[in-house]
Every structure is written in structure tokens, then in C-alpha cells.
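Okay, here's what each chain looks like letter by letter:
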Amino acid sequence: MQSFDLGKEGLRALNSSLHALKGQTNMTDWEVINPKGAHAIAAGVDAPVDITVRGSTGYYCAGMNKQATIRIKGSAGPGVAENMMSGTVIVDGDASQYAGATGRGGLLVIKGNAASRCGISMKGIDIVVHGNIGHMSCFMAQSGNIVVLGDAGDALGDSLYEARLFVRGSVKSLGADCIEKEMRDEHYAILEDLLRRGEADHKAKPEEFRRYGSARKLYNFNIDNAAAY
């Protein structure tokens with residue numbers, strides 16, 4: 001295992017070392033100690049490596065991740081896994097606002113709560129939150145899935161496109177053009193898979209969730225409403 005003391009060696013040295021890993025590498029296991037809330041830890045990694053951050057992180061940890069599995073043994077600041085392309089990011093604690101924003105692929109697991117705007121403008125990422133999510137989560141979410149074992153705050157799925165939202169607890173309010181939808185067999189199958197991969201299958205069952213999605217009215221032009229534009 002490659003052990004990196006961020007307090008001694010610095011963020012630039014860490015990310016430069018990680019960015020130098022191209023394709024297949026023998027340096028597959030990394031440990032980052034003394035993160036002390038630093039920003040952009042392990043951002044832009046593009047290699048099939050396993051990185052464990054032993055402590056809490058600041059802004060944009062694991063941003064733009066491709067291929068890597070990144071585990072945060074603490075909580076994460078704003079924008080964790082922002083614009084992630086592939087791989088897996090696991091947060092053992094809580095995540096601040098806009099976790100997984102604009103994510104295009106991969107899996108983000110938050111074992112605590114996520115603050116406001118979780119999954120904003122998500123474009124294919126899968127997100128599993130063991131706790132609650134804050135207001136305006138999944139605003140303009142285009143595709144992908146979010147699974148919330150707890151409750152959702154105000155304006156869930158506002159201006160939603162085609163992402164699927166699964167919530168086990170209560171929803172304080174739905175945003176514009178977001179409605180509850182029928183759960184079908186394919187949705188139970190998606191949930192079963194995501195609960196397993198999100199290390200939450202021992203906490204919840206697919207039958208306990210409700211599905212929310214787009215009413216498909218807001219983003220289609222209607223000539224009857226032309227005078228309103």
C-alpha cells in the first residue's frame with residue numbers, strides 16, 4: 001500500500017502522483033492520512049485504484065473520478081464526487097451540499113445524511129444515501145438513480161428530466177413537474193441492485209420505497225401556453 005501523509009507532503013504532490021497513474025498499474029492501493037479537511041483530494045483520478053482517505057475532506061473530494069474506488073473515512077465537504085464519470089465513491093459520514101452534482105456515471109454511497117442539492121443536474125450517476133437528503137435535491141436531474149433510505153427535504157426533483165428517485169421515508173414537498181409514479185418490476189430490480197451495491201441491503205427492502213419522476217410537462221413546449229413566454 002502507498003501511504004501518503006497529506007500534512008507533510010501536500011495536496012499537489014498527492015494529486016500529481018495519482019494523475020501519473022495511467023491505465024493498469026501495480027500501485028493499486030493508496031492510503032491518505034491527515035487530510036484535515038483539505039479541498040480537491042483525489043480529484044481527477046483516472047485509474048483502477050483503491051484510495052482510502054482517513055479523515056474528513058473539504059470541497060470537491062473525488063471530483064471527476066474515473067475508474068477508482070475512493071473511500072472517505074469521515075465526512076465530505078461540498079461537491080463530493082462532482083462530475084464523476086465512473087468508479088465508486090463511499091462516504092462513511094455525512095456529505096455537504098451538491099454531492100454528486102452533474103455526475104455522469106459510477107456509484108456514490110453516502111452512509112450518513114446529504115445536505116441540500118444532492119444529485120443536482122445528475123446525468124447518469126447512481127447515488128445511495130443511507131440517511132436523509134436536503135432541499136432542492138435532484139434539481140434538473142437528467143438521468144441516473146438516487147436511492148434515499150431516509151427522508152427528502154423541500155422541492156425534491158424540481159424541473160426534473162428523466163432521473164429516477166426512490167425514497168423510503170417522507171418527502172417534505174415535490175418540486176415543479178415532479179410526481180409520484182408507479183413502482184413496477186423493473187424498478188424493484190434496480191432498487192435491489194443499488195441497495196446491494198450501496199451496502200444498504202441489510203437496512204431496507206425494495207418494497208419499502210416510493211418512486212418519483214418527471215410529469216414530462218415542464219420541458220416540452222405547449223403552443224397553448226405561448227402567451228406566457
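The rules behind the values
- Here the residue index of a chain counts from 1 through its sequence in written order.
- Only residues with pLDDT of 70 or above have their local features reported here, since the model is predicted, and side-chain atom pairs are shown and tallied only from 80 upward, although totals for entire chains, interfaces and linings are computed over all residues.
- Hydrogens are left out, water is left out, and the side-chain values use all remaining heavy atoms of the structure.
- In DSSP terms, a helix is any run of H or I states spanning at least four residues, a strand is any run of E spanning at least two, and both are numbered starting from the N terminus.
- Here's how the labels work: a residue is buried when its accessible area is under 20% of the maximum for its type, exposed when over 50%, partly exposed in between, all with a 1.4 Å probe on protein chains only.
- For this analysis, residues touch if any pair of their heavy atoms sits within 4.5 Å.
- Being paired, for any two strands, means DSSP has found at least two bridges between them.
- The definition of a polar contact used here is a pair of N or O atoms within 3.5 Å, where within protein one atom must be able to donate a hydrogen and the other to accept one, and adjacent residues in sequence count solely through side-chain atom pairs.
- The set of buried Ala, Val, Leu, Ile, Met, Phe, Trp, Tyr and Cys residues whose side-chain atoms join them within 4.5 Å is what this entry labels a nonpolar core.
- The arc in question is the one spanned by the directions pointing from the helix axis to the C-beta atoms.
- Whenever a carboxyl oxygen of Asp or Glu lies within 4 Å of a side-chain nitrogen of Lys or Arg, that contact is scored as a salt bridge.
- Helix axes are fitted to C-alpha atoms over the stretch in contact, other axes to C-alpha atoms as well, and angles between N-to-C directions run from 0 to 180 degrees.

1. Observations concerning the side chain of Asn15
Moving on, step 1. As for its position among the elements, Asn15 is in helix α2 (residues 11-19).
Moving on, step 2. For Asn15, a relative accessible area of 11% corresponds to the buried category.
Moving on, step 3. Ignoring any residue separated from it by four or fewer positions in sequence, one finds Asn15 in contact with Ala40, Ile41, Ala42 and Ala43.

2. Thoughts on the pairing of strand β7 (residues 123-129)
As a general feature of sheets, a regular strand has side chains that alternate between the two faces.
Moving on, step 1. For β7, the buried fraction is high: five of the seven residues fall into the buried class.
Moving on, step 2. Relative to β7, strand β6 (residues 107-110) runs parallel, the two sharing four bridges. Pairing of Leu108 across the sheet is with Ile127, part of β7.

3. Concerning the side chain of His130
Moving on, step 1. Relative to the helices and strands, His130 is located in the loop between β7 and β8 (143-148).
Moving on, step 2. For His130, a relative accessible area of 10% corresponds to the buried category.
Moving on, step 3. Among the polar contacts listed, one links the side chain of His130 to the side chain of Lys203, at a separation of 2.9 Å.

4. Here's the deal with the nonpolar core
Moving on, step 1. Residues Ile51, Val80, Leu108, Ile133 and Leu165 are the most contacted members of the largest nonpolar core, which totals 48 residues.
Moving on, step 2. The leading source of residues in this core is β7, at three residues.
Moving on, step 3. When neighbours within four sequence positions are excluded, Ile133 is seen to be in contact with Ala114, Ala115, Cys118, Ile146, Val148, Asp151, Ala152, Gly153 and Leu156.
Moving on, step 4. Counting residues in hydrophobic clusters, the runner-up holds 14 residues, among them Ile90, Leu191, Leu195 and Ala204.

5. Looking at α2
Moving on, step 1. Turning to α2, its buried residues number three or more, namely Leu14, Asn15 and Leu18. Burial along α2 is one-sided: seen end-on, the buried residues are contained in an arc of 90°.
Moving on, step 2. Against β1 (2-5), α1 (6-9), β2 (29-33) and β3 (50-54) lie the buried residues of α2.

6. Points about the pattern of salt bridges
Moving on, step 1. Counted under the stated rule, the structure contains 13 salt bridges.
Moving on, step 2. Between Asp92 and Lys73 there is a salt bridge; the shortest N-O distance is 3.4 Å. Remark: Lys73 occurs in the loop between β4 (69-72) and β5 (88-91) and Asp92 occurs in the loop between β5 and β6; sequence separation between them is 19 residues.
Moving on, step 3. For Asp92, a relative accessible area of 31% puts it in the partly exposed group.
Moving on, step 4. As a salt-bridge pair, Asp193 and Arg197 come within 3.1 Å of each other at their nearest N and O atoms. Taken together, the residues span about one helical turn, with Asp193 and Arg197 both in helix α3 (residues 185-197) at a distance of four residues.
Moving on, step 5. Overall, the relative accessible area of 34% leaves Arg197 in the partly exposed class.

7. Observations regarding unusual backbone geometry
Moving on, step 1. A positive phi is found at Asn83, a non-glycine position, where the angle reads about 60°.
Moving on, step 2. Among the secondary structure elements, Asn83 is positioned in the loop between β4 and β5.
Moving on, step 3. Positive phi outside glycine occurs at Glu199, with the angle close to 55°.
Moving on, step 4. One can find Glu199 in the loop between α3 and β11 (210-214).
Moving on, step 5. Take Glu199: its relative accessible area is 33%, and that puts it in the partly exposed class.

8. What to know about the sheet that holds β4
Moving on, step 1. Read across the open sheet, the eleven strands follow the order β1-β2-β3-β4-β5-β6-β7-β8-β9-β11-β10; overall the sheet is mixed. The open sheet has two edge strands, β1 and β10 (178-181), and neither has a second partner. Neighbour-to-neighbour, the strand axes of this sheet turn through a mean angle of 15°, independent of strand direction.
Moving on, step 2. Strand direction decides the pairing type here: strand β9 (residues 164-167) and β11, joined by three bridges, are antiparallel. Among the inter-strand pairings, Phe166 is bridged to a residue of β11, identified as Arg211.

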